[in-house]
Amino acid sequence: MTLNPRNLIFSMESRVNINRNFIFFLFISLSFGVFSKDSDKPIFIKASSAEIDEIAGLSIYQGLVKITQGSLIITANEIKVYNDKKKISKVIAYGDKANPAYYKQDRKLTERFVEAKAQEIIYIVNDEMVHLKGEANLIQGYDSFSGNTLDYDIKNDRVIAKKSEEGKDRVKFKIRL
């Protein structure tokens, strides 16, 4: 993925903090996953504030953040976007019990989408993995999964569910054949 903060509608210094509602519109080719129909689309980011540090390779968006690119939607209270050598490497979305982070995207091989909610969603772009932590729920087509921690392998369209570290919360599945 290519991230070039100079492509924003308005110019910024290397480190800037914006404290008003805004919309970023990036005309760059980014890939949030393996869905080529999405990777060619522009990214829209809405938030109440943003802090972009080009030198550190970190952008922090706060206040009912919404990122969209084609069929991809990520919403959260706060989203951190990490980039390495002008390519996005990781996206972390933070929510809470009342307002969990949210991820939705069309699946490459089927008509149905993947939809997920958790207190924290970590998207490792190069590995094409989505990690869900804290009251995690994932819908994959007609099947649903819940547990303390869930991993979604985008490339292989595979879900990995784990119980909580304390062993109290077991994983739950609902599968439609």
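Predicted model, so just to flag it, every value in this text is computed and none were measured.

A. Geometry of the pattern of salt bridges. Counted under the stated rule, the structure contains 2 salt bridges. Across the pair Glu 135 and Lys 97 runs a salt bridge whose closest N-O atoms are separated by 3.6 Å. One end of the pair, Glu 135, is in strand β11 (residues 129-140); the other, Lys 97, is in the loop between β7 (87-94) and β8 (101-106), with 38 residues separating them in the sequence. A relative accessible area of 46% places Glu 135 in the partly exposed class. Residue classification places Lys 97 among the exposed positions, given a relative accessible area of 62%. The salt bridge involving Lys 133 is made with Glu 120; its shortest N-O contact spans 3.8 Å. Of this pair, Lys 133 sits in strand β11 while Glu 120 is found in strand β10 (residues 120-124), placing the two residues 13 residues apart along the sequence.

B. How the structure looks around the side chain of Thr 68. Its place among the elements puts Thr 68 in strand β5 (residues 58-69). Ignoring sequence-local partners within four residues, the contact set of Thr 68 consists of Pro 42, Ile 43, Phe 44 and Ile 73.

What counts as what
- Residues numbered from 1 in each chain as written.
- Predicted model: local features only at pLDDT ≥ 70, side-chain atom pairs only at ≥ 80, totals over all residues.
- Heavy atoms only, no water.
- Salt bridge = Lys/Arg side-chain N within 4 Å of Asp/Glu carboxyl O.
- Helix = DSSP H or I, 4+ residues; strand = E, 2+ residues; numbered from the N terminus.
- Buried < 20%, exposed > 50% of the residue type's maximum accessible area, 1.4 Å probe, protein only.
- Contact = heavy atoms within 4.5 Å.

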